[in-house]
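A closer look at the structure
Chain by chain, the residues:
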Amino acid sequence: MPELPEVETVRRCIAPRIVGRRAQKAVVRDSRLRCPIPSRLPGEIAGGVFTEVRRRGKYLLADFCRGEKEHTLIVHLGMSGALFFSGRPPRERHEHFGVLLEGGEWLIYKDPRRFGCILSAAGDGCAHPLICNIGAEPLTAKFNGAFLRDALRGRKTAVKNALMNGGIVAGVGNIYASESLFAAGIRPQTVAGKLNAEKCATLAKAVKHTLRRALRAGGSTMRDFSGADGEQGMFQMEWKVYGRAGMPCLDCGAVVRVLRLGGRASYFCPRCQPAQR
Ligand SMILES: [Zn+2]
C-alpha cells in the first residue's frame, strides 16, 4: 500500500505537469471504488484550472479554480491506485477515471484492487471530513519528540500501531512504521505510553530520517505501486527489517523476527530493538 513517500513521489511528478493547465473535460469510466466516484465530478472539473497539488497524509489534493470558485480534486491511491499521463483517454481494464488537460494529454487513474477513492470538494479540500482529522505531518517541525510524547501519553496500544494511526501521524503505514522503529531501536510491541521523552525524540527523528531516505529513493516499489512517470521507487532495496523475517539483521546478524500486531505482520531485530523493561 502506498505510504507517505510513495504518495509524495506521485505528487512531485504530477504537480509540474498539471499546475497552470486547464481541464478540458473529465470522464468516469468505472465509478466502482472504495467510495464510488460521484457522477457530478466531471461537470465540476471541466473548465477548471489546476493551481496547486498538495498532500495530506496519503491523500493528494489537486486544487483547481473555476472562475472565482476554488475546488479540490481529492485522490487516495488505496492499495493499488496509480496516476499516469497518456495521449489517449482511459479505456483499458481498471482505468476508472481520466482528465483531459489542455494540450491533449490525459491524466488517468487506474486501480485494479479498487480500494482508492476520487472525490471533489468545494472550497479548501483540507476541510473535507476525510482530511480534517488527519494527524501531524511527520516531515514538518510540529512533529517532534515533544509532540509524540504528548500524543502517546497514556496510550496502552503498541507503539507501532500508534505510529500507523493516521489520526496521530499522517501517512505512516506498515513499512515505514517498521523501518522507523528499527532505526530508533524500539521494539514494535512496546506500550506507546511507556516511551520516555528521550525515546520519543529518538523515534520522531527516526521517522523523519526514514521517510526522507525513502523520498530520495523515489519511494518503495511494491507489487502494485509505481510512480506517475512509470519510474520504480528503489527504497525497497534499503528495507532493514520489513519483509525480512528469518533473515539475518543487516546491522548485527541476529535473525529478524515477525509477530502480528493489530492484524499486521510486524518485523523487528531482537538485538537492535531490545525489549523495554
Ligand atoms: Zn540487529
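Our subject is the structure listed above.
From a predicted model like this one, the values you see are computed outputs, not experimental measurements.

When you go through the protein residue by residue, the secondary structure sums to six helices and ten strands. A compact globule built from 277 residues should have a C-alpha radius of gyration of about 19 Å, and the protein, at 20 Å, falls within 12% of that. Across its three principal directions, the C-alpha atoms of the protein cover 60 × 35 × 30 Å. Here the protein holds 277 residues, and 42% of them are scored as buried. Across the protein, contacts joining residues at least 24 apart in sequence account for 63% of those joining residues at least 6 apart.

On to unusual backbone geometry, then. If you check the backbone angles, His 94 has positive phi at about 70° while not being a glycine. Relative to the helices and strands, His 94 is located in the loop between strand 5 (82–86) and strand 6 (95–101). Judged by local crowding, His 94 falls into the partly exposed class, with 16 C-beta atoms found within 10 Å. Of note, Arg 114 is a non-glycine position whose phi angle comes to about 60°, a positive value. By secondary structure assignment, the location of Arg 114 is in the loop between strand 7 (106–110) and strand 8 (117–122). Looking at Arg 114, the number of C-beta atoms within 10 Å reads 16, which means it is partly exposed.

On to the environment of Leu 60, then. Relative to the assigned elements, Leu 60 resides in strand 3 (residues 59–66). Separated by 52 residues in sequence, Leu 60 and Glu 8 have C-alpha atoms that sit 8.3 Å apart. Here Leu 60 is in contact with Val 7, Val 10, Arg 11, Val 53, Arg 55 and Val 75, once residues within four sequence places are set aside.

For the rest of this paragraph, the subject is the sheet that holds strand 3. Spatially, four strands are ordered 2-3-4-8 in an open sheet, and the strand pairing comes out antiparallel. Each of the sheet's edge strands pairs with one partner strand only, and the pair in question is strand 2 (49–56) and strand 8. On average, each strand axis in the sheet is inclined to that of its neighbour by 20°, with strand direction left out of account.

Basis of the calculations
Residues numbered from 1 in each chain as written. Predicted model: local features only at pLDDT ≥ 70, side-chain atom pairs only at ≥ 80, totals over all residues. Helix = DSSP H or I, 4+ residues; strand = E, 2+ residues; numbered from the N terminus. Rg over C-alpha atoms; globule rule 2.2 N^0.38 Å. Buried ≥ 20, exposed ≤ 12 C-beta atoms within 10 Å, placed from the backbone. Contact = placed C-beta atoms within 7 Å. Pairing = 2+ DSSP bridges. Axes fitted to C-alpha atoms, helices over the stretch in contact; angles between N-to-C directions.

Bear in mind that shape data such as this cannot, by itself, settle questions of function.
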